[in-house]
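Listed below are the residues making up each chain.
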Amino acid sequence: MGFIFRSSISILFIGACIAIGSCATKVETPKNVEPPVAAVPPTSSPQPTPSPGLPNLQMELLADSGKTTNSPIGKFDFKNFSYELPRGWQNPDGSEIKLVNGRVAPVSVDVKDDMSPDEKADRKLQRRIGLSFVAVKYLDVNSDNEDEAVVVLKIETGGAAIPQVAYIYEWKGGKPELMWFFRTGDRADGGLKDIRADSGELVVELYGQDRFLLGPVETSRITGDEEQLCCPTYFTRSRYKWNGSSYLMQGKRLTFTLADPNAPPEENLGDKVNNPAKSKK
């Protein structure tokens, strides 16, 4: 009986120890603690695609074609020479402008409201247009089998506009003699894309729809033909023939789209847009 009692006490004691050991090894999970998350290696952020640069609107004009000639005019220094200015871009005193090493800077003079009328007039007379050399091309543009010089200059006003003037010279009496000149527009607004000779005729390409020369100082314009100056979407090709005193247009005016070089050109587009009723007759 005593043995049984002692055995029971031993069993209870061992059971209590096992229970205590189990409690001692139990691990409690802390509350309100997020379980660990596997680290994700950082990914590189996408790099922005660089925006394309502005198009070079005079790439063809500045190309190597027409840059040399066997004519004596090819040795003349047009970067140090005097030029008359077209109407609308003249100096207040009507003077010619002389390039020195390819440029003459504009002279801007401010006029203030509180100045007297005489002082305003005097200061305006001090203003001067600037010019800078762009290119010279040697082309036979009067069917005499001799190259003429087509000198392209950029007008500088001190403002944002940059129209150009093309002067055509023949070699006569041992010096260049002005035959004709014409002014172009500002970049996409009738600016000069290219100029070349074809069978003795003058071929002119201007940016814009149906843009062509209206004499020496104006170019045509279609109503509503407006776009960003930097980025033209059309250009117009027209041809001119020398009659001994000026250049007269020959054939049709062709408007091309720059978006599709293979697309056929529109002929005399301005006639259709500005005078739709007349163009249908």
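These numbers come from a predicted model, not from an experiment. Numbers given for residues are sequential positions, taken from 1 along each chain in its written order. Selection of residues for local features in this predicted model requires a pLDDT of at least 70, selection of side-chain atom pairs for listing and counting requires 80 or more, and totals for whole chains, interfaces and linings are taken over all residues. The basis for the side-chain values is all heavy atoms of the structure; hydrogens and waters are excluded.

(A) Representation of the overall build of the chain. Numbering of helices and strands runs from the N terminus, with a helix taken as a DSSP run of H or I at least four residues long and a strand as a DSSP run of E at least two residues long. Along the backbone of the chain there are four helices and 12 strands. Here's how the labels work: a residue is buried when its accessible area is under 20% of the maximum for its type, exposed when over 50%, partly exposed in between, all with a 1.4 Å probe on protein chains only. Counting all 281 residues of the chain, 33% fall into the buried class.

(B) Here's a closer look at the packing of aromatic side chains. Pairing of aromatic side chains here covers Phe, Tyr and the six-membered ring of Trp, requires ring centres within 6.5 Å, and sorts the geometry by plane angle: under 30 degrees stacked, over 60 edge-to-face, intermediate tilted. With the rule as written, the count across this model stands at 15 aromatic pairs. Judged by centre distance (6.3 Å) and plane angle (70°), the rings of Tyr83 and Tyr169 are edge-to-face. Within this pair, whereas Tyr83 is found in strand S1 (residues 82–83), its partner Tyr169 is found in strand S6 (residues 164–172), the two being separated by 86 residues in sequence. One exposure class covers both Tyr83 and Tyr169, and it is buried. Through a chain of ring-to-ring contacts, three or more aromatic side chains come together here, namely Phe76, Phe78, Phe81, Tyr83, Tyr167, Tyr169, Trp171 and Phe181.

(C) Local environment of the nonpolar core. Counting 21 residues, the largest nonpolar core has Ile168, Phe182, Leu202, Val204 and Tyr247 as the members making the most contacts within it. Contributing elements (two or more residues each) for this core: strand S4 (130–139), strand S5 (148–156), S6, strand S7 (175–183), strand S8 (192–198) and strand S9 (201–207). Formed by 20 residues, the second largest nonpolar core is a distinct cluster that contains Leu85, Ala149, Tyr167 and Tyr169. We define a nonpolar core as any set of buried Ala, Val, Leu, Ile, Met, Phe, Trp, Tyr and Cys residues linked to one another through side-chain atoms lying within 4.5 Å.

(D) Here's a closer look at the pattern of salt bridges. For salt bridges, the criterion is a side-chain nitrogen of Lys or Arg within 4 Å of an Asp or Glu carboxyl oxygen. Following the criterion strictly, the structure yields 18 salt bridges and no others. Arg196 is the partner of Asp194 in a salt bridge, and the nearest nitrogen-oxygen pair spans 3.1 Å. The shortest N-O distance in the salt bridge between Arg239 and Asp198 comes to 2.9 Å. Remark: Asp198 occurs in strand S8 and Arg239 occurs in strand S10 (residues 234–242); sequence separation between them is 41 residues. Taking relative accessible area as the criterion, Arg239 reaches 25% and is therefore assigned partly exposed. Several salt bridges share partner residues, and in doing so they unite Glu60, Lys137, Lys193, Asp194, Arg196, Glu205 and Arg237 into one network.

(E) Up close: the sheet that holds S5. Strands qualify as paired when DSSP identifies two bridges or more between them. Pairing in this open sheet of five strands is antiparallel, and the strands run S3-S4-S5-S6-S7 from one edge to the other. Across the chains shown, the open sheet's two edge strands, defined by having one partner strand only, are strand S3 (103–104) and S7. Pairing of S5 with S6 involves six bridges; the strand directions are antiparallel. Bridge assignment links Leu153 to a residue of S6, and that residue is Val165.

(F) Representation of the confidence of the model for the chain. The score called pLDDT rates the predictor's confidence residue by residue, from a low of 0 to a high of 100. Confidence along the chain averages 81 in pLDDT terms, with 79% of residues attaining 70 or more. Throughout residues 1–34 the model reports pLDDT below 50, and contacts reaching past four residues in sequence, or to other chains, amount to zero contacts. Only heavy atoms matter for contacts: two residues are in contact if any of them lie within 4.5 Å across the pair.

(G) Molecular detail of the environment of Leu85. Positionally, Leu85 belongs in the loop between S1 and strand S2 (97–98). When its relative accessible area of 6% is taken as the criterion, Leu85 is described as buried. Distance in space between the C-alpha atoms of Leu85 and Ile155 is 9.2 Å, their sequence separation being 70 residues. When residues no more than four places from it in sequence are discounted, the contact partners of Leu85 are Gln90, Asn91, Ser95, Ile97, Ile129, Leu131 and Tyr167.

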